[in-house]
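Residue strings, one per chain:
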Amino acid sequence: MRILAIETSCDETAIAILECTGDEKSAKFNVLGNALLSQIEIHKEYGGVFPALAKREHAKNLVPILEAAMEEAELLHEDTQAIPEKISATVSEILAREPGLSESFFEFVSECEPPDIDAIAVTAGPGLEPALWVGINFAKALSLVWDRPLVAVNHMEGHVLAALARKYKGESIRYKGEILEICDVKLPVLALLISGGHTELVLMKEWLEYELVGQTRDDAVGEAFDKVARMLELPYPGGPEISRLAEEMRELRGFTSKFTLPRPMIDSGTCDFSFAGLKTAVLYLLKNEPTSAQGYGEARKKHIAHEFENAVTDVLWKKTAQALEETGAQMLVIGGGVSANTHIRRVFKEKIASDFPNCSLRIPTSSLSTDNAIMIALAGFYRASRKEFVKDIIADGNLSLAKKL
Ligand code: KG4
Ligand code: ZN
């Protein structure tokens, strides 16, 4: 089955085309085409993602990204296509709210053959609703013009499946020819999902059925990284910046930490998290430390980044360990943008090996950790295999993966 997947939930416009074979328990995915455009540079000056701007950029970039993905997949064949009037009228209505997109959409689809794909998958949520809508409307329009079924994907399920996927062959997911596989999954699987909008522990007891084990009561961990980075006058997105400074600190042998930050809720006895207090603690710490004319100074930033990252990792591990004990999970996966963090990956690998030797750990390669369309195609394949096709999709910014028991 060939899936074309579209992701526009936040600040990445991405489209991937995957050839998927096998069944639910043992599937192989050949990346035929993968195009991604990050809006990070555009949002940097706002210090975070600006929804109206994200929507506009997605609308501008979707057609060029589709063209690039189809070209890479060798599925772009020029040919004049006549679009029936009825379909053209419905598509115009669907795209009426996406200024700029309608024109480029019609121009593109009337000049190329419908590609050899079996289904179109698109992120339905969670995410920024204006951004989600652009991708959904684009997918609906393609589904009508190309007469292919539509699949609605939960972005968080994409993160779980990307974490379960292992590289079968190839070096980087940026390139055509990468082969991924999802097999030998031992249930139950515990997923720690850590991104800009989410921090949750989810249990997959049965294949593709999820239960919520714990979640953040306030900020998501990626949000805390980004906010603390902003306080330290580091550019958006803050996660990689904090990670870089903290790693530089760790490389200095024999240093002693200057600051101590709290580990919120670490002994609460629940699997829930809280990161707002940690962020406030950094704020107070900075208030009590006078700035110099040069700002906070590199050395101090490094000390804070290091202690902040340690505090986050301690809490994430303690809660995950508790959830592993409570659920008896056989496998742990970590997904979402923050799972790209070097220190978190290292600590989790060490701790699983020492404290849970019978539990296997899967973490995605860092390019599959942050938002991309390959993960949406993976989820799209499973949902399409179950024939979960839909006629219409409503963007849901708060779409949840799992219910609290
Ligand atoms: O999953 P994702 O790409 O988008 C959402 O669905 O939110 O996650 C983005 C988040 C941002 O908060 C970003 O700062 C964080 O992931 N992030 C990191 C790292 N790379 C990205 N956080 C810590 N360390 C990193 N290396
Ligand atoms: Zn994400």
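What counts, and where the lines are drawn
- Residues numbered from 1 in each chain as written.
- Chains lettered and ligands numbered in written order.
- Predicted model: local features only at pLDDT ≥ 70, side-chain atom pairs only at ≥ 80, totals over all residues.
- Heavy atoms only, no water.
- Donors = N, O, S within 2.8 Å, 3.2 Å for Na, K, Ca; no water.
- Helix = DSSP H or I, 4+ residues; strand = E, 2+ residues; numbered from the N terminus.
- Buried < 20%, exposed > 50% of the residue type's maximum accessible area, 1.4 Å probe, protein only.
- Salt bridge = Lys/Arg side-chain N within 4 Å of Asp/Glu carboxyl O.
- Polar contact = N/O pair within 3.5 Å; in protein donor to acceptor, adjacent residues only side chain to side chain.
- Contact = heavy atoms within 4.5 Å.
- Near = heavy atom within 4 Å.
- Areas by Shrake-Rupley, 256 points an atom, 1.4 Å probe, with all protein chains shown as cover.
- Nonpolar A, V, L, I, M, F, W, Y, C, P; charged D, E, K, R; others polar.
- Phe/Tyr/Trp six-rings, centres within 6.5 Å; stacked < 30°, edge-to-face > 60°.
- 1 Å grid on protein atoms, 1.4 Å probe; cavity = no way out; pocket = protein on both sides within 12 Å on 5 of 7 lines; lining within 4 Å.
- Points joined across faces, edges and corners; volume = space filled by probe spheres on them.

Student: Is there a simple way to think about the coordination of the zinc ion (ligand 2) in this case?
Tutor: Reference values for angles at a metal are 109.5 degrees in the four-donor tetrahedral case and 90 or 180 degrees in the six-donor octahedral case. The protein atoms that coordinate the zinc ion (ligand 2) are H155 (NE2), H159 (NE2) and D371 (OD), at distances spanning 2.1 to 2.2 Å. All donor residues of the zinc ion (ligand 2) come from one chain, and their arrangement in sequence is H-x3-H-x211-D. Within this pair, whereas H155 is found in helix 6 (residues 155–164), its partner D371 is found in the loop between helix 12 (366–369) and helix 13 (374–385), the two being separated by 216 residues in sequence. Residue classification places H155 among the buried positions, given a relative accessible area of 5%. What makes D371 buried here is its relative accessible area of 14%.

Student: Where do I start with the pattern of salt bridges in this structure?
Tutor: Pairing is possible between side chains that carry opposite charge, provided their charged atoms lie close to one another. This model, assessed by the stated rule, comprises 25 salt bridges. Between E41 and K44 there is a salt bridge whose closest N-O contact spans 3.1 Å. For E41, a relative accessible area of 60% gives the class exposed. As a salt-bridge pair, E247 and R346 come within 2.7 Å of each other at their nearest N and O atoms. One end of the pair, E247, is in helix 8 (residues 238–251); the other, R346, is in helix 11 (residues 342–355), with 99 residues separating them in the sequence.

Student: I would appreciate a short explanation of the side chain of S339 in the present structure.
Tutor: Looking at where S339 falls in the secondary structure, it is placed in the loop between strand 11 (331–335) and helix 11. Given a relative accessible area of 2%, S339 falls into the buried group. Side-chain polar atoms of S339 contact the backbone oxygen of G336, separated by 2.6 Å. When near neighbours in sequence (up to four residues on either side) are disregarded, S339 contacts I194, I334, R345, I363, P364 and S369.

Student: Which parts of the structure should I look at to understand the site of ligand 1?
Tutor: Taken together, 18 residues form the shell around ligand 1, and within it G196, D226, G337, N341 and D371 come nearest. One nitrogen or oxygen atom from the main chain of G337 is found 2.9 Å from an oxygen atom belonging to ligand 1. Here N341 contributes a side-chain N or O atom positioned 3.0 Å from a nitrogen atom of ligand 1. Protein contact buries 88% of the 560 Å² of open area that ligand 1 shows by itself. The element that contributes the greatest number of residues to the shell around ligand 1 is helix 7 (residues 221–231), accounting for 3 residues. Taken together, the residues of the shell around ligand 1 sort by class into 5 nonpolar, 11 polar and 2 charged.

Student: What is the right way to look at helix 7 in this model?
Tutor: Because the α-helix completes a turn every 3.6 residues, residues three or four places apart line up on one side. For helix 7, the complete set of buried residues consists of V221, G222, A224, F225, V228, A229 and M231. Each element contacted by the buried residues of helix 7 is listed here: strand 8 (189–194), strand 9 (199–206), helix 8, helix 9 (276–287) and helix 10 (298–327). Within two residues after helix 7, E233 carries a phi angle of roughly 60°, on the positive side.

Student: Is there a simple way to think about the packing of aromatic side chains in this case?
Tutor: The way to describe two aromatic rings as a pair is by their centre distance and the angle between their planes. Evaluation of the coordinates by the stated rule reveals 11 aromatic pairs. Ring plane angle 85° and centroid distance 5.1 Å describe the contact between F225 and F308, whose orientation is recorded as edge-to-face. With F225 in helix 7 and F308 in helix 10, the pair connects residues that are 83 residues apart, well separated along the chain. Three or more aromatic residues joined by ring pairs make a cluster, and in this case those are F29, W207, F381 and Y382.

Student: Mind showing me how you'd approach the layout of surface pockets here?
Tutor: The method is simple in principle: a probe with the dimensions of a water molecule rolls over the atoms, and the space it marks as empty is what remains. Each pocket or cavity is described by its volume, and for the second largest pocket that value is around 210 Å³. Forming the walls of the second largest pocket are I94, K140, S143, L144, D147, R148, P149, L150, F389, V390 and K391. Classifying every residue of the lining of the second largest pocket gives 6 nonpolar, 1 polar and 4 charged.

Keep in mind these numbers describe shape, not what the thing actually does.
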